[in-house]
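Next come the chains, spelled out residue by residue.
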Amino acid sequence: MEVWALNGLGEAARAAGRPADALGHHTEAHAAAVVIGFRDQQARAHTGLGHAHRALGDEALAREHFREALSLYTELSMPEADEIRAHLT
């Protein structure tokens, strides 16, 4: 589905050192995930947005996205919550 591909493109862009591109992909992924109701992908998009904002120097916005990801991952009982907690400490 499109949302998985968009999150994957965002993760690849961040890994390639292109956080601005990652921001765009994860923003699109988040919007798509909200529409179709895939909360795990919403959390994944928030995680990517957090990493992208951190790389772009906006720590406050990064933390906001990490908190959103943590909330969703915790509600879904997903192990990714532990990774996100580490980014918030």
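Note that the structure is predicted; figures quoted are calculated from it, not measured.

## Focus on helix α4 (residues 59–75)
Inference 1: A rise of 1.5 Å per residue sets the reference length of α4, with its 17 residues, at 24 Å; its end C-alpha atoms lie 24 Å apart and thus fit the reference within 8%.
Inference 2: Ala-62, His-65, Phe-66, Ala-69, Leu-70, Leu-72 and Tyr-73 are the residues of α4 that are buried.
Inference 3: Residues of α4 that are buried sit in contact with α3 (39–55) and α5 (80–88).

## Focus: the packing of aromatic side chains
Inference 1: In total, this model carries one aromatic pair according to the counting rule given.
Inference 2: Each ring, one from Trp-4 and one from Phe-38, has its centre 5.1 Å from the other, and the planes form 55 degrees; the classification is tilted. With Trp-4 in helix α1 (residues 2–15) and Phe-38 in the loop between α2 (19–36) and α3, the pair connects residues that are 34 residues apart, well separated along the chain.

## What about the packing of α1 against α2?
Inference 1: Relative to each other, α1 and α2 sit at 160 degrees, their axes nearing to 8 Å. In terms of orientation, α1 lies roughly antiparallel with respect to α2. Remark: the crossing between α1 and α2 carries left-handed chirality. Two secondary-structure elements touch here, α1 through Val-3, Leu-6, Asn-7, Leu-9, Gly-10, Glu-11, Ala-13 and Arg-14 and α2 through Asp-21, Ala-22, His-25, His-26, Glu-28, Ala-29, Ala-32, Ala-33 and Ile-36.
Inference 2: Of the residues that constitute the contact of α1 with α2, the class distribution is nine nonpolar, four polar and four charged.

## Re the nonpolar core
Inference 1: Judged by nonpolar contacts, Ala-43, Ala-62, Phe-66, Ala-69, Leu-70, Leu-72, Tyr-73, Ala-81, Ile-84 and Leu-88 together constitute the single largest core of 10 residues.
Inference 2: Of all the elements in the fold, those that place two or more residues in this core are α4 and α5.
Inference 3: The element contributing the most residues to this core is α4, with six residues.
Inference 4: The contact partners of Ile-84, leaving out residues within four places of it in the chain, are Thr-47, Phe-66, Ala-69, Leu-70 and Tyr-73.
Inference 5: Formed by six residues, the second largest nonpolar core is a distinct cluster that contains Val-3, Leu-6, Ala-29 and Ala-32.

Reading guide: rules and limits
Residues numbered from 1 in each chain as written. Predicted model: local features only at pLDDT ≥ 70, side-chain atom pairs only at ≥ 80, totals over all residues. Heavy atoms only, no water. Helix = DSSP H or I, 4+ residues; strand = E, 2+ residues; numbered from the N terminus. Expected span 1.5 Å × (residues − 1). Buried < 20%, exposed > 50% of the residue type's maximum accessible area, 1.4 Å probe, protein only. Contact = heavy atoms within 4.5 Å. Phe/Tyr/Trp six-rings, centres within 6.5 Å; stacked < 30°, edge-to-face > 60°. Axes fitted to C-alpha atoms, helices over the stretch in contact; angles between N-to-C directions. Parallel < 35°, antiparallel > 145°, perpendicular 65-115°, else oblique. Left-handed = near helix turned anticlockwise from the far one by under 90°. Nonpolar A, V, L, I, M, F, W, Y, C, P; charged D, E, K, R; others polar. Core = buried A, V, L, I, M, F, W, Y, C linked by side-chain atoms within 4.5 Å.

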